[in-house]
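# Working through the structure, step by step
Residues per chain are reported as follows:
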Amino acid sequence: MKCPFCGSDNTRVIDSRPADDNNSIRRRRMCDECGKRFTTYEKVETIPLIIIKKDMGREQYDRSKIEAGVLRACHKRPVSAQQITKLVDEVETEIFSHEEKEIPSTEIGELVMDKIKDIDPVAYVRFASVYREFKDVNTFMNELKRMLDDADTES
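Attention here is on the structure that accompanies the text. (Residues numbered from 1 in each chain as written. Predicted model: local features only at pLDDT ≥ 70, side-chain atom pairs only at ≥ 80, totals over all residues. Heavy atoms only, no water.)

Another point: the pairing of strand β2 (residues 24–31). For strand β1 (residues 11–19) and β2, the ladder comprises 8 bridges, and the chain directions are antiparallel. From the neighbouring strand, Ala19 faces β2, where its bridge partner is Ser24. In the sheet, β2 pairs with strand β3 (residues 37–43) via 7 bridges, with the strands oriented antiparallel. Bridge assignment links Arg29 to a residue of β3, and that residue is Phe38. In this antiparallel pair of consecutive strands, β2 and β3, the connection spans 5 residues, and Gly35 shows a positive phi of 80°. (Pairing = 2+ DSSP bridges. Helix = DSSP H or I, 4+ residues; strand = E, 2+ residues; numbered from the N terminus.)

As structure tokens, this is what we get:
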């Protein structure tokens, strides 16, 4: 493992422990050249997953795209980085548990919306407005009404 500070290949593991509910291993490493410490995470490699886009194009799964969408939706909202990471982890776990080689992006979007709704209603509306491609104020209002109706039935 290369040192992120000096680029040396002479690094060693000084501590290992489970991370993310035993889904990965957190390793503390130290560079023998510069003496600086850094952390790495090791995850099990999964089968490559192909995402079927709305235009029927296909691309390889990219976790950072889900993270970016959730981060945009949660911008300036009281949502912690830990909550966002947990949400993305849950979505990812659910996606990979299907053991399918291809999955529609719409399915991922619905999973994210279900989970973000429980975290922050404003972030949910922001994500839904982009994901559902609201064309006008009426579709936006219909989504808000549906969300409010869902909240009333849960109470």
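What follows is about the side chain of Thr40. Turning to its location among the elements, Thr40 is positioned in strand β3. Assessed through its relative accessible area of 13%, Thr40 is described here as buried. One polar contact links Thr40 to Arg29, side chain to side chain, over a distance of 3.1 Å. (Buried < 20%, exposed > 50% of the residue type's maximum accessible area, 1.4 Å probe, protein only. Polar contact = N/O pair within 3.5 Å; in protein donor to acceptor, adjacent residues only side chain to side chain.)

Right, let's talk about the sheet that holds strand β4 (residues 50–52) for a bit. Here 3 strands make up an open sheet; going across it, the order is β5-β4-β6 and the pairing mixed. Strands at the two margins of the open sheet, each flanked by one partner only, are β5 (58–60) and β6 (102–104). On average, each strand axis in the sheet is inclined to that of its neighbour by 30°, with strand direction left out of account. Relative to β5, β4 runs antiparallel, the two sharing 3 bridges. Each residue of the ladder has a partner; that of Ile52, found in β5, is Arg58. (Axes fitted to C-alpha atoms, helices over the stretch in contact; angles between N-to-C directions.)

A few words on the environment of Val91. Structurally, Val91 is set in helix α2 (residues 81–97). Judged by its relative accessible area of 0%, Val91 falls in the buried class. Sequence separation of Val91 and Asp149 is 58 residues, and the distance between their C-alpha atoms is 25 Å. In this view, Val91 contacts Ile66, Ile108, Leu111, Val112 and Lys115; residues no more than four positions away in its chain are not counted. (Contact = heavy atoms within 4.5 Å.)

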